[in-house]
Amino acid sequence: MGQYRNGAGPMRVAQEAPFYRAAGDEAEVFRAAAGGGLPVLLKGPTGCGKTRFVQAMAHELGRELITIAGHEDMTSADLVGRFLLKGGETVWVDGPLTRAVRQGALCYLDEVVEARQDTIVVIHPLADHRRELALDRLGTTLPAADGFQLVISYNPGYQSVLKNIKESTRQRFVAIELGFPPAEIETEIVAREAGIDVRTAGDLVRLGNAIRNLDGAPLREVSSTRMLILAGALVAQGLGLRSAARSAIVQVLSDDPDVVHALGELADAVL
Ligand code: ADP
């Protein structure tokens, strides 16, 4: 593995630790999983802090973080690599997963549920005791370098990731559920990230929770921490709280005029 760490080696430690405020024992669980080289399954709604959590853990563990955003057209070559024509020569170019395996990096596969079954099979031998990646095109198998760790995330509100991951593989993952944090912690996060006072952040969090607790609302997503921060950022720019909430939360959550109207009334009542 040494040879890949030399030369154009990746910068392993970011200058400043990413701010992540834990709401439970997720960091302890992650550290233990990392210590054992075990893959992690991160469950949680969009915008609840999964990416930030992985960034913070990678920084703490001193690992390079390689993030791959899953999508339905992703092929195994997008993960593993492919031969490309360069100046008349055919050269092999590692994909991000292969780079992570060689370098002993933390590989974060975001929203892996989007990927097709024939794409996702390449991670099976990496996630189980073999810890290796088959490079079929090169006719070789690459053992994962020390430090390599696979982290995959999905939103349990959507279609289940189970269908694309073999049960025997899935059982080797350590699952961590990240929901939206309790109000006082989320308030602290929103205040800090948006650069607003705690009182205003608390108002936005109350609105967020009021929307999350709506029964039977036809919303694909609920108001995420990310949306609350965005609304807060508008307030930090001088926009009124209600306008900010309408633009960054209400209008984003739905296009249905009735739903937008109802959410707008809720926002006006809370704020
Ligand atoms: P996800 O990956 O779950 O979609 P992100 O990690 O991108 O969500 O979170 C969205 C934003 O919310 C982050 O950029 C960060 O500003 C903030 N955030 C969410 N949860 C936390 C937390 N626990 N600590 C610090 N920031 C957080």
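Not measured: the values here are computed from a predicted model. Starting from 1, residues in each chain are numbered consecutively following that chain's sequence as written. Only residues with pLDDT of at least 70 are given local features in this predicted model, and only at 80 or more are side-chain atom pairs given and counted; all residues enter the totals for whole chains, interfaces and linings.

(A) Broad picture of the environment of Ile211. Put simply, DSSP marks the helices as runs of H or I at least four residues long and the strands as runs of E at least two long, and each gets a number from the N terminus on. Turning to its location among the elements, Ile211 is positioned in helix H10 (residues 198–212). As for Ile211 and Ala27, which are separated by 184 residues in sequence, their C-alpha atoms are 28 Å apart. Two residues form a contact once the distance between their C-beta atoms, set from the backbone, is within 7 Å. Look past the residues within four positions of Ile211 in its chain and what remains in contact with it is Val222, Ser223, Leu263 and Leu266.

(B) Geometry of the site of the ligand. Being near a molecule or strand means, for a residue, that its C-beta atom, positioned from the backbone, comes within 6 Å of it. Near the ligand, the surroundings consist of 17 residues, among which Gly49, Lys50, Thr51, Arg52 and Arg226 are the closest. At the level of elements, helix H3 (50–61), helix H9 (183–194) and helix H11 (225–236) are the ones that each hand at least two residues to the shell around the ligand. Under the scheme applied here, ten amino acids are nonpolar (Ala, Val, Leu, Ile, Met, Phe, Trp, Tyr, Cys and Pro), four are charged (Asp, Glu, Lys and Arg), and all others, including Gly, are polar. Classifying every residue of the shell around the ligand gives 6 nonpolar, 6 polar and 5 charged.

(C) A look at the sheet that holds strand E2 (residues 65–69). If you trace the 5 strands from one edge of the open sheet to the other, you get E2-E5-E8-E1-E9, paired in parallel fashion. The sheet is open, and its two edges are formed by E2 and strand E9 (174–177), each paired on a single side. Each strand axis lies, on average, 20° off the axis of its neighbour in the sheet, ignoring direction. Bridging between strand E1 (residues 40–43) and strand E8 (residues 149–154) involves 4 bridges; their strand directions are parallel. Within the sheet, the bridge partner assigned to Leu41 lies in E8 and is Ile152. In this description, a line fitted to the C-alpha atoms serves as the axis of each element, helices being fitted only across the stretch in contact, and the angle between N-to-C directions of two axes falls anywhere from 0 to 180 degrees. In the packing of helix H2 (residues 26–35) onto the sheet, the strands contacted are E1, E8 and E9, and the crossing angle to E9 comes to about 160°. Two strands form a pair only when DSSP identifies at least two bridges running between them.

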